[in-house]
Amino acid sequence: MERIYLDYAATTPVKESVIEAMAEAMRLDFGNPSALYTRGRRARSLVDQARRSLASYLGLDMNGFTFTSGATEANAQILLTNARRLRKEAKGNHLITSLVEHPSVRENFKLLEEEGFEVTYLPVNCEGVVEIQALEEALRPQTVLLSVMALNNETGAIMPLARIGQILETYRAEQGLDRKIFFHTDAVQAIGKLSPEFFQHIGLDSLTGSAHKIFGPKGVGFFYQDPAIKTDPLIRGGHQERSRRAGTENVPGIVGLGQAVLELETMDSQALYSHYMDLERKLYEALDLAGIRYERNGGPSQPERSWPGIQNLYFPDILADRALIKLDLQGIEVSAGSACAAGSLEPSPVLSAMYGQERAEAKDRLKKSLRISFGPETTREEIDVLVRALATMVK
Amino acid sequence: MKKKVVVGMSGGVDSAVAAALLMEEGYDVLAIFMKNWDNTDDSGHCTAEEDYRDVALVSDVLGIPYYSVNFEAEYKDRVFSYFLEEYKRNRTPNADVMCNKEIKFKAFLDYALELGADFVATGHYARLEQKNFGRPDQENILLRGVDSNKDQTYFLNQLRHKQLDRVLFPVGQLTKAQVRQKALDLKLPNAKKKDSTGICFIGERDFNQFLSEFLPAKPGDMETLDGQKIGRHHGLMYYTIGQRHGLGIGGVGKNPEPWFVVGKDQKTNTLYVGQGFNHPYLMVDRLWASECNFIRPPRKALPDRFSCTCKIRYRQKDIPCEVEVLDEDKVQVTFPDWARAVTPGQSIVFYDGDICLGGAIIDRAFMGQDQRQYA
């Protein structure tokens, strides 16, 4: 059975050129980058080439990039080490994040709360976008760090990072603070979707990303932190990555990440955006034609507000858990909410933040929403197959 | 086209072997793990998580798709609330009977049918056999599992024949030892997994403490039937008729015989205790039960009064009885040889040889004209 993959927001297939580059790195350059002889230097050179590609693509200082085991580690590194450092240096213990962050961000804020930090969780509007007014109200002289994701993994909502940067700067000026409020974004979903300019000159101090969302391998990611700011390691040990992240470098993974980034440079982002807009239209048309009731969770797609490649749809006549199983049995792979450790679906915290979970309508929505996410290879025919399958599930 | 079966896979060895046997018989098999209760403890430990992991490992070995489905809302609504209601009335409910009736063979069955299944299967030790009751159609009758020590028809007594028409019990033909051996032969990763004990939502935790989190306990006096105060009890709901352990008494008076719970009275909040396994107050010759369900043969094919055997608790030997159907769902059962420790809230299940006829929930017990004060 030819399977139809519509879960690109979960992970992406690995590009052939990435596989080749990684295989070559493993075959020819197995040296330890810390070793001082030729073979070691060659491996180290590969790691730095990947760093250069990443820096060049994102338009940021190469010296700020550090490779990790993935974005989860990268988020932990940024949030834990900077919050703890700033509490000591700046004597402030207030942190700000949003209600719709990925667990790799959310769980670290919970940990920091246990360590005595105060955390404000910014609400989102019904489009899934962080409420700017709430941010203005949340800021206090003790605020030392803010973390808001760039593009939401469940809804495709794009957060107003530039506006947030301005507000932080204005607040600092008004209060006469002698320090900047540390500004982080989890850019895992945004990289490769939004233009790199989205992150530039907006006052960001750090961002994190992952290779497997951009057609690279799993198990490798990175954090960028302004090199002017002290970086305390989270993972301690050897002096790798300039003592910012201990552990022998995942050379093949880093090479794969570097190659995936080079591929991003060659992609026609305008054409891809049109492709996703076209698929979105196709999806809505097909659903209308099939008479399936639906409503997108979040707002309509528009640049800098909502990404068309992630479609979180509420189907009032389709139960998500059953639909997932039936679709899988028919070879169609989409996702819904988040799974608990025992594999069963839990209400999505993101949709809960958008719609609440008390009202009957909201409860219904949480049980009847599916996430469909497109990739460059997704075709209109695949959308037709999906919609035909969904049509049989309407009650 | 292959018939499609959805196996309710718990992570245990019985349902794993059930799935394997169905595959050998040529069915198209799919596994579903029912998540009925969130029992994550303070340290974040969740037995459902481990059980689901076993489902994944077993399904990988068998090469079948597997999913986890959340039935927590249905379970809470239909099983747990009943369970608490019964304890509130100081009765001793059977959550497994209710779970089979409402979840495994109703919510889960409906779910599987919706997925296009022809049958659901579980790892219960029970058998189904097609039989003709003078009508053109063959109909399923429920038989005890081959392994008399493991037979689980007691817990299936509330099932309707319509449900059974859609059910397969593959391991009912085997003994537990054969099931274990089969699992070892197939190198199933859970072949040596310990059998689960207790009720799913309580797990290994202390039962009384669990109950006290949901129901207020009213401590009271522990007395003999002639009014002699023996001690204090922690709350009537914690005790079951015929219970010996956990009374905290012994060495009272000259009689060396152990103490048993022989009755309870919620009006005065008194727990009655007496000495000796065969204490006269534990003996009854008659009971009333309700919610009576006859599987096959159907109620209409049964006389209003008939003799058979029954069990009044799981894993007990059958005792002879005479059943008199009072109305739609009520029965009076008499015991020519008496019955010991009849417990309101528990099931009484009727058998004709190997055939499980059905069962009912025990309400009251009598000796002669005297109604026992059991709740």
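Values in this document were obtained by computation on a predicted structure and should not be read as measured data.

A few words now on the domain arrangement of chain B. All names here are of chain B. Here chain B is described as being made up of domain 1 (4-185), domain 2 (217-277) and domain 3 (281-371). Just the C-alpha atoms count here: the centres of domain 2 and domain 3 sit 26 Å apart. Contacts between the two partners involve eight residues from domain 2, matched on the other side by eight residues from domain 3. Together, the buried faces of domain 2 and domain 3 total about 670 Å²; carbon and sulfur atoms form 67% of this surface. Looking at the side of domain 2 facing domain 3, the largest losses of area belong to Ile241, Val262 and Phe277, adding up to 64% of the total buried there. Linking domain 2 with domain 3 are zero salt bridges, by the criterion used here. For the pair domain 2 and domain 3, the number of links is one residue pair in polar contact (both at pLDDT 80 or more). In the side of domain 2 that touches domain 3, the residues fall into six nonpolar, two polar and no charged.

We now examine the sheet that holds strand E14 (residues 369-373) of chain A. All names here are of chain A. Strands sit in the order E9-E10-E14 across an open sheet of three strands; the sheet is antiparallel. Among the strands making up the open sheet, the edge pair consists of strand E9 (295-296) and E14. Judged from the five bridges that link them, strand E10 (residues 310-314) and E14 form a sheet pairing that is antiparallel. Each bridged residue has a counterpart across the sheet, and for Leu313 the counterpart in E14 is Leu370.

With five of five residues buried, E14(A) is to be regarded as a mostly interior element. The alternating pattern of E14(A) places A:Ser369, A:Arg371 and A:Ser373 on one face and A:Leu370 and A:Ile372 on the opposite face, and all of these are buried.

Two cysteines joined by a covalent bond between their sulfur atoms form a disulfide. A complete count under the given rule lists zero disulfides over all chains for this structure. A disulfide-free cysteine, B:Cys308 has its sulfur positioned 3.7 Å from the sulfur of B:Cys321, the nearest such atom.

For the rest of this paragraph, the subject is the sheet that holds strand E11 (residues 270-275) of chain B. Two strands in a sheet stick together by hydrogen bonds in their backbones, pointing the same way (parallel) or opposite ways (antiparallel). All names here are of chain B. Across the sheet, four strands lie side by side as E9-E8-E11-E10; this open sheet has mixed pairing. In this open sheet, the two edge strands, each paired with only one partner strand, are strand E9 (229-233) and strand E10 (259-265). When strand polarity is set aside, the average angle formed by the axes of neighbouring strands in this sheet is 30°. Across two bridges, the pairing between strand E8 (residues 220-223) and E11 is parallel. Residue pairing across strands places Glu223 opposite Tyr272, the latter belonging to E11.

Overall, the prediction assigns chain B a mean pLDDT of 92, with 97% of residues at 70 or greater. Scored as a whole, the predicted complex attains pTM 0.90, and scored at its interfaces, ipTM 0.87.

A few words now on the packing of aromatic side chains. Centre distance and the angle of the planes are the two values used to describe a pair of aromatic rings. All names here are of chain B. Counted according to the given criterion, the structure contains 30 aromatic pairs over all chains. Through pairs of rings, three or more aromatic residues link up here, namely Trp37, Tyr75, Phe80, Phe83, Tyr87, Phe207, Phe210 and Phe214. Looking at Arg144, its charged tip hangs above the ring of Tyr351, at a distance of 3.9 Å from the centre.

With that settled, the discussion passes to the pattern of salt bridges. Under the defined criterion, the tally for this structure stands at 53 salt bridges over all chains. Note that A:Lys326 and B:Glu114 form a salt bridge whose closest N and O atoms lie 3.6 Å from each other. With one member in each of two chains, A:Lys326 in helix H10 (residues 320-329) and B:Glu114 in helix H4 (residues 95-114) form a pair that bridges those chains. Judged by its relative accessible area of 25%, B:Glu114 is partly exposed. Salt bridges linked by common partners bring A:Asp321, A:Arg322, A:Lys326, A:Lys395 and B:Glu114 together as one network.

Take the packing of helix H1 (residues 13-24) of chain B against helix H6 (residues 176-185) of chain B next. All names here are of chain B. One way to put it is that H1 packs onto H6 with a least axis distance of 9 Å and a crossing angle of 70°. Taken together, the axes of H1 and H6 are roughly perpendicular relative to one another. For H1 against H6, the interelement crossing comes out left-handed. In this structure, H1 contributes Val13, Asp14, Val17, Leu21 and Glu24 to the contact, and H6 contributes Lys176, Val179, Arg180, Lys182 and Ala183. Here the contact of H1 with H6 is built from residues that sort into five nonpolar, no polar and five charged.

The subject of this paragraph is the side chain of A:Ser369. All names here are of chain A. Looking at the secondary structure, you find Ser369 in strand E14. We classify Ser369 as buried; its relative accessible area is 3%. Within polar-contact distance, the side chain of Ser369 engages the backbone oxygen of Arg365 at 2.8 Å. For Ser369, the contacting residues outside a window of four places in its chain are Asn297, Asn312, Leu313, Tyr314, Ala320, Ala336 and Leu351.

Parameters at a glance
Residues numbered from 1 in each chain as written. Chains lettered and ligands numbered in written order. Predicted model: local features only at pLDDT ≥ 70, side-chain atom pairs only at ≥ 80, totals over all residues. Heavy atoms only, no water. Domains from an automatic or database assignment. Contact = heavy atoms within 4.5 Å. Buried area = accessible area lost by both parts, 1.4 Å probe. Salt bridge = Lys/Arg side-chain N within 4 Å of Asp/Glu carboxyl O. Polar contact = N/O pair within 3.5 Å; in protein donor to acceptor, adjacent residues only side chain to side chain. Nonpolar A, V, L, I, M, F, W, Y, C, P; charged D, E, K, R; others polar. Pairing = 2+ DSSP bridges. Helix = DSSP H or I, 4+ residues; strand = E, 2+ residues; numbered from the N terminus. Buried < 20%, exposed > 50% of the residue type's maximum accessible area, 1.4 Å probe, protein only. Disulfide = S-S within 2.5 Å. Axes fitted to C-alpha atoms, helices over the stretch in contact; angles between N-to-C directions. pLDDT = per-residue confidence, 0-100. Phe/Tyr/Trp six-rings, centres within 6.5 Å; stacked < 30°, edge-to-face > 60°. Lys NZ or Arg CZ within 6 Å of the ring centre and 35° of its normal. Parallel < 35°, antiparallel > 145°, perpendicular 65-115°, else oblique. Left-handed = near helix turned anticlockwise from the far one by under 90°.

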